[in-house]
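# Summary of structural features
Listed here are the chains, written in short residue letters.
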Amino acid sequence: MIPLDELVLMVSRLVLGAFVTFLAILLWSRTRDSAWMFVILGTILQYGEIMVSTFEIFGIVSTKRVILWGLPVAQVVLTNLPLIFYGIGLIIAVRQTRLH
């Protein structure tokens, strides 16, 4: 049985993540700016991480199958890849504003 506080946290992450991802997909269809594209991809990947962690709580998937240097590779990638995409998008945005 999942404690109530964890359940509230999980449901709120799922609902808010779905809403933000929906908005990101709407923006994706209306922009061609590479900086925004990386931010949108980071947002979609972040929701993927939320989904996988939820599935892991319920025992549907396991991110601990592939271990490298004592770390679960899937979990490390899913946690950090959105931040990498956000960073790339922000670097592109900074470079674009400096050129104008």
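Predicted, not measured: the structure shown is a model, and the values here were computed from it.

For the rest of this paragraph, the subject is the overall build of the protein chain. Along the backbone of the protein chain there are 3 helices and 2 strands. Reading the secondary structure of the protein chain in the N-to-C direction produces α-α-β-β-α. Against the 2.2 N^0.38 benchmark of 13 Å for 100 residues, the protein chain shows a C-alpha radius of gyration of 16 Å, more extended than a compact globule. Along the three orthogonal principal directions, the C-alpha set of the protein chain runs to about 55 × 35 × 20 Å. Counting only contacts in the protein chain whose residues sit at least 6 apart along the sequence, the fraction spanning at least 24 positions is 61%. Total accessible area on the protein chain is roughly 7300 Å²; 73% of this is exposed by carbon and sulfur atoms. Charged side chains in the protein chain number 7 positive and 5 negative. The centres of these two groups are separated by 14 Å.

Moving on, we come to the packing of aromatic side chains. Counted under the stated rule, the structure contains 1 aromatic pair. A centroid spacing of 5.7 Å and a plane angle of 25° characterise the contact between F38 and F85, whose relative ring orientation is stacked. Remark: F85 occurs in helix α3 (residues 73–99) and F38 occurs in helix α2 (residues 34–57); sequence separation between them is 47 residues.

Tracing the backbone through its elements, the reader meets V15 in helix α1 (residues 4–28). For V15, a relative accessible area of 53% translates into the label exposed. The spacing of V15 and L78 is 63 residues in sequence and 19 Å in space, taken between C-alpha atoms.

Time to look at the side chain of T21. Looking at where T21 falls in the secondary structure, it is placed in helix α1. A relative accessible area of 9% means that T21 is categorised as buried. In contact with T21, not counting residues within four places along its chain, are T43, I44 and Y47.

Glancing now at the pattern of salt bridges. In the structure shown here, the tally under the stated rule is 2 salt bridges. When the shortest N-O distance is used, the salt bridge between R13 and E49 registers 3.1 Å. Linking R13 in helix α1 with E49 in helix α2, this pair joins segments that are 36 residues apart in sequence. Its relative accessible area of 33% is what places R13 among the partly exposed residues. Judged by relative accessible area, which is 15%, E49 ranks as buried.

Definitions and cut-offs
- Residues numbered from 1 in each chain as written.
- Predicted model: local features only at pLDDT ≥ 70, side-chain atom pairs only at ≥ 80, totals over all residues.
- Heavy atoms only, no water.
- Helix = DSSP H or I, 4+ residues; strand = E, 2+ residues; numbered from the N terminus.
- Rg over C-alpha atoms; globule rule 2.2 N^0.38 Å.
- Contact = heavy atoms within 4.5 Å.
- Areas by Shrake-Rupley, 256 points an atom, 1.4 Å probe, with all protein chains shown as cover.
- Lys, Arg positive; Asp, Glu negative; His and termini not counted.
- Charge placed at Lys NZ, Arg CZ, Asp CG, Glu CD.
- Phe/Tyr/Trp six-rings, centres within 6.5 Å; stacked < 30°, edge-to-face > 60°.
- Buried < 20%, exposed > 50% of the residue type's maximum accessible area, 1.4 Å probe, protein only.
- Salt bridge = Lys/Arg side-chain N within 4 Å of Asp/Glu carboxyl O.

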